[in-house]
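Next come the chains, spelled out residue by residue.
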Number of protein chains: 2
Amino acid sequence: MVQQLDNLAEETAGKLEWLAGFGKDPEGGVSRLLYTKEWVEGQHALKEWMENEGLKARFDDIGNLFGTLTGKNTNETVLTGSHVDTVTNGGRFDGAYGIVAGIIALKYLKKHFGQPVRNIEIVSMAEEEGSRFPYSFWGSKNIVGLAKREEMESIKDFEGVPFVEAMKNAGFGFADESKGPRKDLKAFVEVHVEQGSVLETEKIAIGVVNNIVGQRRYTVEITGEANHAGTTPMGYRKDAVFAASQMIHEIISMARKTGDPLVTTVGKFEAYPNIVNVVPGKVIFTIDVRHTDKEAIISFTEQMTARMQDISKEHEVEMDIDMWMDEDPVPMDQKVVELIEKQCKQNGLNYKLMHSGAGHDSQIFAPVVPTAMLFVPSLKGISHNPAEFTEPADLAEGVKALIGALYELGYKE
Amino acid sequence: MVQQLDNLAEETAGKLEWLAGFGKDPEGGVSRLLYTKEWVEGQHALKEWMENEGLKARFDDIGNLFGTLTGKNTNETVLTGSHVDTVTNGGRFDGAYGIVAGIIALKYLKKHFGQPVRNIEIVSMAEEEGSRFPYSFWGSKNIVGLAKREEMESIKDFEGVPFVEAMKNAGFGFADESKGPRKDLKAFVEVHVEQGSVLETEKIAIGVVNNIVGQRRYTVEITGEANHAGTTPMGYRKDAVFAASQMIHEIISMARKTGDPLVTTVGKFEAYPNIVNVVPGKVIFTIDVRHTDKEAIISFTEQMTARMQDISKEHEVEMDIDMWMDEDPVPMDQKVVELIEKQCKQNGLNYKLMHSGAGHDSQIFAPVVPTAMLFVPSLKGISHNPAEFTEPADLAEGVKALIGALYELGYKE
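Calculation criteria
- Residues numbered from 1 in each chain as written.
- Chains lettered and ligands numbered in written order.
- Predicted model: local features only at pLDDT ≥ 70, side-chain atom pairs only at ≥ 80, totals over all residues.
- Heavy atoms only, no water.
- Domains from an automatic or database assignment.
- Contact = heavy atoms within 4.5 Å.
- Buried area = accessible area lost by both parts, 1.4 Å probe.
- Salt bridge = Lys/Arg side-chain N within 4 Å of Asp/Glu carboxyl O.
- Polar contact = N/O pair within 3.5 Å; in protein donor to acceptor, adjacent residues only side chain to side chain.
- Nonpolar A, V, L, I, M, F, W, Y, C, P; charged D, E, K, R; others polar.
- Phe/Tyr/Trp six-rings, centres within 6.5 Å; stacked < 30°, edge-to-face > 60°.
- Helix = DSSP H or I, 4+ residues; strand = E, 2+ residues; numbered from the N terminus.
- Buried < 20%, exposed > 50% of the residue type's maximum accessible area, 1.4 Å probe, protein only.
- Lys NZ or Arg CZ within 6 Å of the ring centre and 35° of its normal.
- Patch = residues over 30% accessible without salt bridge, like charges linked within 9 Å, V, L, I, M, F, W, Y side chains within 5 Å.
- Areas by Shrake-Rupley, 256 points an atom, 1.4 Å probe, with all protein chains shown as cover.
- Lys, Arg positive; Asp, Glu negative; His and termini not counted.
- Charge placed at Lys NZ, Arg CZ, Asp CG, Glu CD.
- UniProt positions renumbered as here; feature names shortened; annotations may be inferred.

Asks: Outline the domain arrangement of chain A, supporting the account with residue identities and numerical values.
Replies: Residue and element names in this part refer to chain A. Splitting chain A by domain gives domain 1 (8-213 + 329-411) and domain 2 (214-327). Averaged C-alpha coordinates put domain 1 and domain 2 at centres separated by 37 Å. In this assembly, 8 residues from domain 1 lie in contact with 10 residues from domain 2. Between domain 1 and domain 2, the buried area comes to about 630 Å², and carbon and sulfur atoms account for 58% of it. At the surface where domain 1 touches domain 2, the tally comes to 0 salt bridges. Summed over the shared surface of domain 1 and domain 2, the result is 1 residue pair in polar contact (both at pLDDT 80 or more). In terms of residue class, the side of domain 1 that touches domain 2 is built from 4 nonpolar, 4 polar and no charged.

Asks: Pulling in residues and values, what's your account of the packing of aromatic side chains?
Replies: As enumerated under the stated definition, the model contains 37 aromatic pairs over all chains in all. Measuring from ring centre to ring centre gives 5.8 Å for tyrosine 35 of chain A and phenylalanine 163 of chain A, while their planes differ by 65°; the resulting arrangement is edge-to-face. Highlighted residues: tyrosine 35 of chain A in the loop between helix H1 (8-20) and helix H2 (37-52) and phenylalanine 163 of chain A in helix H6 (residues 163-169), separated in sequence by 128 residues. The buried category is assigned to tyrosine 35 of chain A, whose relative accessible area is 5%. Each ring, one from tyrosine 35 of chain A and one from phenylalanine 172 of chain A, has its centre 6.4 Å from the other, and the planes form 25°; the classification is stacked. Of this pair, tyrosine 35 of chain A sits in the loop between H1 and H2 while phenylalanine 172 of chain A sits in the loop between H6 and strand E5 (185-193), placing them 137 residues apart in sequence. Among the aromatic residues, those joined into a cluster by ring pairs are Tyr35, Trp39, Phe59, Phe133, Tyr135, Trp138, Phe163, Phe172 and Phe174 of chain A. Across the ring face of tryptophan 18 of chain B, the terminal group of lysine 15 of chain B is positioned such that the distance to the ring centre comes to 4.9 Å. Its end group placed over the ring of tryptophan 49 of chain B, lysine 15 of chain B keeps NZ or CZ at 4.3 Å from the ring centre.

Asks: An account of a negative patch on the surface is requested, with residue identities and associated values reported.
Replies: Residues and elements named next belong to chain A. A cluster of acidic residues, Asp61, Glu150, Glu151, Asp176 and Glu177, forms a negative patch on the protein surface. Topologically, glutamate 177 is positioned in the loop between H6 and E5. Of the residues examined, glutamate 177 reaches a relative accessible area of 41% and is grouped as partly exposed.

Asks: Please set out the UniProt feature "binding site: allantoate" (unreviewed entry) in chain A residue by residue, giving values where relevant.
Replies: On the UniProt side, "binding site: allantoate" (unreviewed entry) is annotated at positions that read Arg217, Asn277 and Arg290 of chain A here. Taken together, the annotated residues stretch across 74 residues and extend over separate regions, lying up to 36.8 Å apart by C-alpha. Along the chain, asparagine 277 of chain A turns up in the loop between strand E10 (269-272) and strand E11 (278-279). Aside from chain neighbours lying at most four places away, what touches asparagine 277 of chain A is Asn227, His228 and Ala229 of chain A together with Arg217, Asp288 and Arg290 of chain B. Its place among the elements puts arginine 290 of chain A in strand E12 (residues 282-291). With a relative accessible area of 2%, arginine 290 of chain A lands in the buried category.

Asks: Pulling in residues and values, what's your account of the UniProt feature "binding site: Zn(2+) 2" (unreviewed entry) in chain A?
Replies: Residues and elements named next belong to chain A. When the UniProt feature table is mapped onto this chain, "binding site: Zn(2+) 2" (unreviewed entry) is found at Asp94, Glu129 and His384. The greatest C-alpha distance among the residues just named is 10.0 Å, despite their covering 291 residues of sequence, which places them together in space. Note that aspartate 94 resides in the loop between strand E3 (73-83) and helix H3 (96-113). If near-sequence neighbours (up to four positions away) are discounted, aspartate 94 is found in contact with His83, Asp85, Glu129, His192, Val193, Gln195, Ser383, His384 and Glu388.

Asks: Mind laying out the interface of chain A and chain B, listing which residues take part and the relevant values?
Replies: Listed as interface residues are 54 residues of chain A and, on the opposing side, 54 residues of chain B. In total, about 4600 Å² of surface goes out of reach between chain A and chain B, with carbon and sulfur atoms giving 58% of it. Contact with chain B buries area across many residues of chain A, yet Met234, Phe242 and Val276 of chain A alone supply 16% of it, more than any other trio. In this structure, the connection of chain A to chain B is made through 0 salt bridges. Inspection of the region where chain A meets chain B yields 18 residue pairs in polar contact (both at pLDDT 80 or more). Breaking the side of chain A that touches chain B down by element, the ones donating at least two residues are helix H7 (198-202), strand E8 (227-228), helix H8 (240-258), strand E9 (263-265), E10, E11 and E12 of chain A. For the side of chain A that touches chain B, the leading source of residues is H8 of chain A, giving 10 residues.

If you want it as C-alpha cells, here you go:
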C-alpha cells in the first residue's frame with residue numbers, strides 16, 4: 001500500500017531539525033518545556049505547517065494542538081501523535097518524531113487516498129515529561145478527561161512560577177470539565193523512538209508495541225552506626241554501605257537470573273556522612289522494578305523485600321523500605337496491534353513485537369481508547385540527551401508503518 | 001606513687017569545660033581552628049594558667065605553647081601534651097584533654113616531688129586536625145623540624161585567607177629553619193581520648209598504645225554505561241552500581257574474615273548520574289585500609305585489588321584505582337611503653353596494651369623521640385562531634401597514668 005517514497009527519510013529528518021530550532025540549547029540539545037516561549041512558538045509553527053498541508057488545525061483549551069484530515073463520518077476519529085515538550089537539554093526525537101511522522105503520514109494519505117472514511121487527526125500534545133512542573137501527561141490526560149483542575153492549582157515550576165500563570169501567559173486555560181472527554185476517538189497510534197537499544201542490536205527497523213511495562217519504585221533507607229574508620233574494629237561495626245552492597249548485589253543478581261522482560265535498577269545511592277574515614281551510618285538508595293506482567297512484579301518484589309529484610313537482620317541494621325510508585329502494566333489493543341502487523345507484512349517492513357520499558361502517552365489513552373505504539377531504533381538507546389539519534393532511513397520506516405496503520409484504521413469501513 | 005587525688009576527676013572535667021569556652025559553638029560543640037580569634041584567646045588563657053601553676057611558659061615562633069617545670073639538668077626534656085585546635089564543631093576532649101591532663105600532672109608532680117631530674121614540659125600544640133588549612137600536624141612537625149616553609153606559602157583556608165596572613169595576624173611567624181629541631185627531647189608522652197569504643201566495651205580505663213596503624217587510602221572509579229532503566233534489558237547493561245556493590249561486599253567480607261587489627265572502610269560512595277530511572281554509568285568510591293603491620297597492609301591490599309580487577313572484568317566495566325595515601329604504621333617506643341605499664345601496675349590502674357587506629361601527633365614524634373601514648377575511653381567511640389564525652393572518673397585515671405609516666409621519665413636518673 002505504501003508507494004515509493006524516495007525523499008521520506010530526508011523530509012522527516014529535515015522537519016525534525018526544523019522543529020528542534022524551537023528551544024535549541026547552546027550546547028546542542030533542545031529545551032522546550034511546557035508553556036515557555038519556545039514551546040508557544042513551536043506549537044504555533046506546527047499549526048502553520050498543518051494548515052499548509054491542508055489539515056484543519058486547532059488548539060484545545062489547554063494547548064494540545066490538533067490537525068484534522070476530515071473524514072466522511074465526522075463522529076469517528078483515528079488519532080496519532082505524541083508530545084511536543086522535551087526534558088531540559090533533551091534530544092530532537094523524543095516526542096517530536098511522533099508529531100512530525102504524523103503530519104507527514106496525513107499529508108501522504110491525503111495526497112494518495114483522498115478523504116478517509118472517518119477523521120484522521122494528528123495531535124501535538126502539550127506535555128508528557130513532567131520536566132517543568134511536578135506533573136506528567138498533562139496533554140494526554142486532558143484528552144481522555146483524566147486531568148483535574150484542583151491538582152494543578154497549587155503547583156509551581158523550579159523558579160516558583162505557578163502553573164496557572166504559565167498556562168495563562170501561553171494563551172491557554174483549564175478545559176471545561178463538565179464537557180467530559182471526547183467520545184469520537186476510535187483509536188490512538190503513537191510513533192516514538194525506542195529510547196532503548198533492542199531494535200538497534202537486533203537490526204530491526206520497527207517495534208510494534210504490545211505492552212507498556214508496569215513499575216514499582218522504592219526508596220530504601222538503611223540505618224547502621226557512623227563510626228571512626230580507624231578506631232572501630234570490624235566486629236563492632238554496623239556499616240550501612242556494607243549491608244546495602246550485599247542487598248544491591250543480591251537483588252540485581254536475582255533480576256538477571258529472572259531475565260526478560262524483568263528489569264531492576266538501583267539508580268540512586270547516597271551514603272552518609274560520605275566521608276573517606278567514617279564508617280557510613282546511613283545509606284539511602286532507590287529501586288526501580290519493571291515487567292509487562294503485574295503478577296511477575298508482585299512476585300519479584302515480594303522475594304526481593306524478603307531477602308532484604310533477612311540481610312538487614314544479618315547486618316543488625318535498620319531498614320525502611322517505602323514503595324512510592326506502583327503502576328500496572330498497560331496492554332495495547334490486540335486488534336490494533338494485529339492490524340499494524342498485517343500492514344507491516346504487506347509493506348515488507350522489518351518489524352518485531354516488543355514491549356515498551358518506558359512510559360508514554362499511549363498508556364494514558366490505552367484504558368479508554370484502542371491504542372498501539374510503533375518504535376524506531378535509538379542509536380545506542382540514548383535518550384533525554386542531545387546525543388539522541390535515529391538514522392533517517394529508520395525514521396522513514398516508522399512513517400511508512402504509521403501510514404499503513406492509519407490507512408487500515410481510517411480508510412476501511 | 002600517685003597519692004589520693006579526690007578532686008582530680010572534678011578538676012580535669014572543670015578545666016576541659018573552661019577550655020571549651022574558647023570557640024564554643026551555639027550548637028554545643030567547639031570550633032577552635034588554627035590562628036582564629038578563639039584559638040589565640042585559648043592559647044593565651046592556657047599560658048596564664050601555666051604561669052599560675054608556677055611553670056615557665058613561652059610560645060615558639062609558630063605558636064606552640066610550652067610550660068616548663070625546670071629540672072636539675074636543663075639539657076634534657078620530657079615532653080607531654082597534645083593539640084589545642086579542634087575540627088569545626090568538634091568536641092571538648094580531642095586534643096584538649098592531653099593539654100589539661102599535662103598541666104594538672106605537672107602541678108601534682110611539682111607539689112609532691114619538687115624539682116625533677118630533667119625538665120618536664122607541657123605543650124599545647126598549635127595544630128593537628130588540618131581543619132582550617134589543607135595541612136595537618138603543623139604543631140608537632142615544627143617541634144621535630146619536619147615543617148617546611150615553602151609548603152605553607154601558597155595555602156589558603158576555605159575563605160581564601162592565606163596561611164601566612166592568618167599566622168601573622170595571630171602574632172606568629174615561620175620558625176628559623178636554620179636552627180634545626182630541638183635536641184633536648186628525651187621522651188614524648190601524649191594522653192588522648194580513644195575516639196573508639198574498645199576501652200568502653202571492655203570496661204578498661206587506660207589504653208597503653210604500642211602502635212599507631214599504617215593506612216592506605218584509595219579512590220576507585222568504575223565506568224560502565226548509563227542507560228534507561230526501563231528500556232535496557234538486564235543482559236545489555238554495564239551497571240556501575242552493580243559492579244561496585246559486588247566489590248564492596250567482597251572486600252569488606254574479606255576484611256572481616258582477616259580480623260583485628262585490620263580494618264577496611266568504604267566511607268564515600270557517589271553514583272552517576274544518580275537518578276532513580278537511569279542505570280548508573282559511573283561510581284566513585286573510597287577505600288581506607290589500616291593495620292599495625294606494614295606487610296599485612298600490603299598483602300591485604302594486593303589481594304583486594306586483584307579481586308576487584310577480576311570483578312570489573314566479569315562485569316565488563318572499566319576500573320581505575322588510585323592509591324593516594326600510603327602511611328606506614330608507627331611503633332611506639334618499647335622502653336617507654338614498659339615504664340608506663342610498670343607505673344600502671346604499681347598504681348593499680350586498669351589498663352590494656354592496644355594500638356591506635358587513628359593518627360596522632362605522637363606519630364610525628366615517634367621516629368625522632370622515644371614516644372608513647374595513653375588512651376582513656378570515649379563514650380560510644382564518638383569523636384569530632386559535640387557529643388564527644390569521657391566520664392570524669394576516666395579522665396582522672398588518665399591523669400594518674402600520665403603522672404606515673406612523667407615521674408618515671410622525669411624524676412629517675
